[in-house]
Amino acid sequence: MDEQALLGLNPNADADFRQRALAYFEQLKISQDAWQVCAEALAQSIYSDDHIKFFCFQVLEHQIKFKYSELTEVQQQLIRETLITWLQAQMLNPQPEKTFIRNKAAQVFALLFVTEYLTKWPKFFFDILSVVDLNPRGVDMYLRILMAVDAELVDRDVVHTSEEARRNTLLKDTMREQCIPSLVESWYQILQNYQYNNSELTCQCLEVVGAYVSWIDLSLIANERFINMLLGHMSVEVLREEACDCLFEIVNKGMDPIDKTKLVESLCQVLQSAGLFSIDQEDDVDFLARFSKLVNGMGQALIASWTKLIKNGDMKSAQDTLQAIEAKVSLMLQLLIHEDDDISSNIIGFCYDYLHILKQLSALSDQQKANVEAIMLAVMKKLTYDEEYNFENEGEDEAMFVEYRKQLKLLLDRLAQVSPELLLASVRRVFNTTLQNWQTTRFMEVEVAIRLLYMLAEALPVSHGAHFSGDVTKATALQDMMRTMAFLDHRGLRHTSPKVRSRTAYLFSRFVKSLNKQMNPFIEDVLNRIQDLLELSPPENGYQALLSSDDQLFIYETAGVLIVNSEYSAERKQALMRNLLTPLMEKFKVLLEKLMMAQDEDRQMALADCLNHAVGFASRTSKAFSNKQTVKQCGCSEVYLDCLQTFLPALSCPLQKEVLRSGVRTFLHRMIICLEEEVLPFIPSASEHMLKDCEAKDLQEFIPLINQITAKFKTQVSPFLQQMFMPLLHAIFEVLLLPAEENDQSAALEKQMLRRSYFAFLQTVTGSGMSEVIANQGAENVERVLFTVIQGAVDYPDPIAQKTCFIILSKLVELWGGKDGPVGFADFVYKHIVPACFLAPLKQTFDLADAQTVLVCITVCFFLLFSLPCGRLKGKKNNGHVVLRVVLSYKENTLFSLNGVLVWLVFTCYGTVFCSSPVLKIKLENCRFEYLTLTCITCKLPLSESEQTGSSSLGCLGFSCDR
C-alpha cells in the first residue's frame with residue numbers, strides 16, 4: 001500500500017495529504033485486486049494505526065456492496081476467512097479495538113450476511129457463535145453484528161428499493177426458521193452470565209433483544225424466564241434504562257387484544273410491587289424518561305386493545321381493559337406533572353388517547369371527571385415558562401420547550417372536546433385570579449393566563465364563526481375575561497411599547513368583529529375614545545403618532561364596523577360615517593395642494609405617502625360593507641361618492657404618480673363592490689389619467705381594475721371599453737417595446753408580468769361575451785391583436801400566458817367561427833390559429849415535465865377537438881374506436897389548410913398527457929387528413945394517401961405504412 005497516501009488518513013494531516021489519501025481510496029475502489037491487500041492487512045494485523053484499519057474495512061465494504069458478484073468463489077471465500085480471522089484475533093489482542101472500528105467491522109459482516117446467507121453461508125451466525133463463545137470481546141462483536149444486521153433488514157430510517165425489501169423479507173423468514181431460537185438462547189446466556197459483572201455487555205444485549213422482538217416470535221421473549229430476568233434488571237441502576245426500552249418493545253409488539261391486556265397487567269403488577277409506580281421528583285430523570293416512555297407504551301397498548309374489543313363486540317373484556325386503563329391514570333398524572341419536560345412529554349400520547357376514549361363514552365363517572373380536571377390542571381401548570389428560559393437568546397432548550405407547548409396545546413384541544421364547560425370554568429378561574437393582580441404577579445404566570453385565553457378561543461367550538469354568540473354561558477364567561485383586557489387605555493392602544501400598541505390595534509379589530517351587535521351600548525364611547533387615534537398626521541407637524549399607518553388601518557376598519565353594525569337609523573349611521581371621513585377629505589385637499597407646490601423630492605414623497613394613507617383609511621372603512629345593498633341601507637353612498645370626487649383629482653398630479661395612483665386604484669376596487677354602477681361615471685376620467693405616462697407596474701395594477709369592471713358590468717361598459725381599448729393596448733405595447741439590457745432580470749420579469757396582464761384582459765373581454773369590443777376596433781387593429789395572441793401562444797416560453805392565449809383563441813373561434821363572424825376570420829383560423837396549435841408544442845422550450853406546460857397542451861388539444869368546426873375524418877375502426885398516435889412532420893411553407901377537418905395533435909409524450917394508457921382512443925368515423933404530411937413511425941418516410949386515409953394497419957405506437 002502507498003504509505004505516503006496512508007499518512008493523509010490521520011485527522012491532523014494537512015490538506016494535501018488528505019487529498020492524496022482520498023484519491024488513493026478512489027483508486028483502490030476501482031482496482032481489481034486492491035481489496036486483497038486490505039484483507040491481508042486486516043487478517044495479519046499489519047497496521048496498528050486505527051485510521052488505516054478503518055480505511056481497509058471501507059475498501060472491503062465497497063467491494064462487498066458493489067463488486068461482490070464479480071469475484072470468484074475462491075475470492076469470496078477469502079473475504080469470509082478474512083473476517084473470521086480478524087474476529088478470532090479480537091479475543092487475543094491485549095487491547096480492544098476502538099469503537100468506530102468495531103462498528104465498521106460489524107457493518108461489513110452485516111453486508112456479507114445479506115449477500116451470502118441465503119446461498120453460500122447459511123451457518124453465518126453459528127460460525128460466529130462458535131468463534132466468540134462467551135468471550136467478552138467476542139460477545140461485544142457478536143452483538144454489534146446483530147445490530148448491524150437488524151439495521152440492514154428492518155431499520156426504517158434506511159431507504160430500501162423494492163428488490164431489497166423483498167430480499168430482506170426472505171432473509172427474515174429464513175432466519176425465523178433456521179436460527180432465531182438459537183440466537184434467542186444465546187441472548188439469554190449472555191444476560192445470565194454478564195448481568196452482574198459486565199453491565200455494558202448486558203445493556204448491549206438488551207438493546208439487541210429490543211430490536212429483534214418486533215419481528216420474531218414474541219413467545220420466545222415474552223415468557224417467564226426472560227420477563228423475570230428483565231424485571232430483575234429494573235431494580236439494577238445501571239441496567240434499568242435498557243430494561244425499560246426492552247420491555248417497551250415487547251409491549252409494543254402486535255398481538256391479540258386479550259393477551260396483550262394480560263401481558264401488560266402482569267408487567268404492571270410486578271413493577272408496582274417493586275415500588276416503581278411511586279414517582280419521586282428527585283429520582284434519576286434519565287431513568288424516569290425511559291420509564292415514562294414504557295408507561296406510555298403500556299397505556300396506549302391497553303387503549304388499542306380496548307378499541308379492538310369494542311369493534312369485535314366483546315363488551316365484557318372491553319370493560320375489564322377500561323378498568324385496567326383507569327388504574328394507570330394516577331401514574332400517568334404523576335409523570336405528566338413532573339418538572340422535567342422530557343418525562344412529561346413522553347406520557348402525552350397516553351393522555352391524548354385516554355381523553356379520546358372519554359370522548360366516546362356516553363357519560364363520565366365522577367372519577368373520570370376528576371381525571372379530566374387533573375389533566376387540565378397539569379397542562380395549565382406545564383405551559384408555564386421556566387425561570388431559566390432565555391428570551392433574549394433562544395437556543396435548543398428553548399426550541400424544545402416551544403415544541404413541547406405545541407403538544408400540550410393538542411391536549412388542551414382534546415380537553416375542550418371532552419368537557420368544554422370544565423375547561424372554560426378552569427381557564428376563567430386561572431385567568432381572573434392572575435389578571436386581577438397582574439402588576440405583582442410573575443411574568444410567567446401572567447403570560448400563561450393570557451396564553452390559555454388565546455388557546456381557549458381556538459379550542460372551543462364557535463357559533464357561525466363568533467365566540468361571543470350562540471352559547472350564552474360561554475359568551476358570558478369570555479366577555480368576563482375580556483373585560484380584564486383593557487384595549488383603549490395605557491394597557492392597550494396607549495401603551496408605552498409600539499409593539500403592544502400595534503398588536504392591540506389588530507386584536508381590538510378582531511374583538512369588535514366578533515362581538516358584532518353586542519357592542520351597541522358602547523359605540524359612541526368607543527368612537528369618542530379612539531378619535532385622536534384616527535387623525536391623519538401630516539409630515540410637517542413633527543408629531544410622533546401613537547399608531548403607525550398600518551395600525552390605523554385596523555382602527556378605521558373597527559370604526560366602520562361599529563357604525564355599520566349598530567342599531568342606529570340610516571341617518572345617524574350616515575352622520576357618523578361622514579364625521580369619520582370628512583376630516584380625511586379635508587386634509588386630503590390641503591395636502592394635495594401642498595404636494596403640487598413642493599419642490600424637495602423627500603417632502604414630495606412624504607406628502608404623497610400621507611395622501612395614500614388617507615385614501616387607504618377611507619377604503620378600509622368600506623370593509624364593513626359586503627355589497628351595495630348594505631351601503632344603501634346605511635345611507636352611506638353619498639359619503640363615498642364625495643370621497644371619490646375628493647380623491648380622483650390626485651390622478652392628475654404630475655408628482656409621485658405611482659404612489660397616488662396605487663391608492664386611488666385600491667379605492668376604486670372597493671367602490672366597484674360598494675357602489676356598483678354608481679361608480680361608472682368616474683371610470684372614464686380615472687382611466688384616462690392612469691394611462692398617461694405609465695410604466696409597466698402601473699399597467700399591471702390598472703388592468704385588474706378594468707377586468708373587475710368588465711366582468712361585473714359586462715355590456716353596460718361596452719361603449720367605454722370600445723373607447724379605451726386601443727389606448728390601453730397602445731400603452732401596453734409602448735412599454736413592451738422599450739429596450740432593456742440583456743441581463744436585466746427585473747425588467748424582463750416586469751415585461752413578462754405585463755404580458756400576462758394583457759392576455760388576462762383579452763380573456764376577460766372575450767369571456768364576458770363582449771367580443772364586439774375587439775371586432776369594432778377596425779380590421780387592422782383586430783388583426784394586430786390576433787397576431788399578438790398568436791405570438792403569445794407560440795413564441796413566449798411562458799406556459800401561464802400560453803394557456804391564456806389558447807383560451808382566448810378558443811373563445812374567439814366559438815364566437816366568430818360561424819357565418820356571422822368577421823370577414824376572413826375562417827381563413828385566419830386555418831392559416832394561423834391551427835398552425836399555432838402545432839408550432840407551440842414543437843418549440844424546444846415546451847417542457848412537458850412542467851405541470852403548467854401540460855395544461856397548455858391539454859388546452860390546445862381540447863381546442864382542436866371541440867372548438868374547430870368538425871368535418872368527417874376517415875380512419876380504421878377498432879372496436880368502435882380509432883386508435884391514433886401519429887408523428888407530425890411539419891415542413892416550412894406548408895399550410896395546415898384542413899378545410900374543416902378535425903385534427904388530433906400528438907407527440908411522443910402524448911399518452912401520458914391525456915390518459916394513463918400509452919394510446920388514446922377517440923370516437924371518430926370516416927376520418928381523413930388533407931394537406932397534412934404524416935410519417936411512418938417505423939421507417940420515417942411519408943405516408944401515401946391511402947395509408948393516411950386509414951387503409952393501412954394502425955399500430956399502438958402510431959401509423960404504420962404498407963412497407
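Anything mentioned here points back to the structure above.
Residues numbered from 1 in each chain as written. Predicted model: local features only at pLDDT ≥ 70, side-chain atom pairs only at ≥ 80, totals over all residues. Heavy atoms only, no water.

## Notes on the overall build of the protein chain
(1) Moving on: Check the secondary structure of the protein chain and you find 43 helices and six strands.
(2) Moving on: Within the protein chain, buried positions represent 49% of all 963 residues.
(3) Moving on: Pairs at least 24 apart in sequence give 71% of the contacts found in the protein chain among residues at least 6 apart. (Helix = DSSP H or I, 4+ residues; strand = E, 2+ residues; numbered from the N terminus. Buried < 20%, exposed > 50% of the residue type's maximum accessible area, 1.4 Å probe, protein only. Contact = heavy atoms within 4.5 Å.)

## Concerning unusual backbone geometry
(1) Moving on: Unlike most non-glycine residues, Ser 45 shows phi in positive territory, near 50 degrees.
(2) Moving on: Positive phi outside glycine occurs at Asp 133, with the angle close to 50 degrees.
(3) Moving on: The residue Asp 133 is located in the loop between α7 (124-132) and α8 (136-153) in this model.
(4) Moving on: Accessibility expressed as a relative area gives 57% for Asp 133, which makes it exposed.

## Observations concerning the packing of helix α32 (residues 657-674) against helix α33 (residues 683-690)
(1) Moving on: Remark: α32 packs on α33, axes separated minimally by 12 Å, with the N-to-C direction vectors making an angle of 155 degrees. For the element pair α32 / α33, the angle class is roughly antiparallel. Viewed along their axes, α32 and α33 form a crossing whose handedness is left-handed. Contact residues: α32 offers Arg 661, Arg 665 and Leu 668, while α33 offers Ile 683, Ala 686, His 689 and Met 690. (Axes fitted to C-alpha atoms, helices over the stretch in contact; angles between N-to-C directions. Parallel < 35°, antiparallel > 145°, perpendicular 65-115°, else oblique. Left-handed = near helix turned anticlockwise from the far one by under 90°.)

## Examining helix α10 (residues 180-194)
(1) Moving on: A rise of 1.5 Å per residue sets the reference length of α10, with its 15 residues, at 21 Å; its end C-alpha atoms lie 21 Å apart and thus fit the reference within 8%.
(2) Moving on: When we look at burial in α10, the residues that qualify are Ile 180, Leu 183, Val 184, Ser 186, Trp 187, Tyr 188, Ile 190, Leu 191 and Tyr 194.
(3) Moving on: Contacts from the buried residues of α10 go to α7, α8, α9 (162-178), α11 (199-212) and α12 (224-233). (Expected span 1.5 Å × (residues − 1).)

## Thoughts on the pattern of salt bridges
(1) Moving on: One pass over the full model with this rule turns up 35 salt bridges.
(2) Moving on: Linking Arg 176 and Asp 173 is a salt bridge whose minimum nitrogen-to-oxygen distance equals 2.6 Å. Residue Arg 176 and its partner Asp 173 are both found in helix α9; the two are separated by three residues, about one turn of the helix.
(3) Moving on: Classification of Asp 173 by relative accessible area gives partly exposed; the value is 34%.
(4) Moving on: Here Glu 678 makes a salt bridge to Lys 628, at a shortest N to O gap of 3.8 Å. One end of the pair, Glu 678, is in the loop between α32 and α33; the other, Lys 628, is in helix α30 (residues 628-633), and 50 residues separate them in sequence.
(5) Moving on: What makes Glu 678 partly exposed here is its relative accessible area of 26%.
(6) Moving on: Residue classification places Lys 628 among the buried residues on the basis of a relative accessible area of 9%. (Salt bridge = Lys/Arg side-chain N within 4 Å of Asp/Glu carboxyl O.)

## A word on the packing of aromatic side chains
(1) Moving on: In the structure shown here, the tally under the stated rule is 30 aromatic pairs.
(2) Moving on: A centroid spacing of 5.4 Å and a plane angle of 75 degrees characterise the contact between Phe 787 and Phe 828, whose relative ring orientation is edge-to-face. Placement of Phe 787 in helix α38 (residues 779-794) and of Phe 828 in helix α40 (residues 825-842) is noted, with a sequence separation of 41 residues between them.
(3) Moving on: Under the relative-accessibility criterion, Phe 828 is labelled buried at 9%.
(4) Moving on: By way of ring pairs, the aromatic residues Tyr 385, Tyr 389, Phe 391, Phe 401, Tyr 404 and Phe 443 are connected into one cluster.
(5) Moving on: Its guanidinium or amino end placed over the ring of Tyr 385, Arg 405 lies 4.2 Å from that ring's centre, counting from NZ or CZ.
(6) Moving on: It is Arg 572 that lies over the ring of Tyr 568; its NZ or CZ is 5.8 Å from the centre. (Phe/Tyr/Trp six-rings, centres within 6.5 Å; stacked < 30°, edge-to-face > 60°. Lys NZ or Arg CZ within 6 Å of the ring centre and 35° of its normal.)

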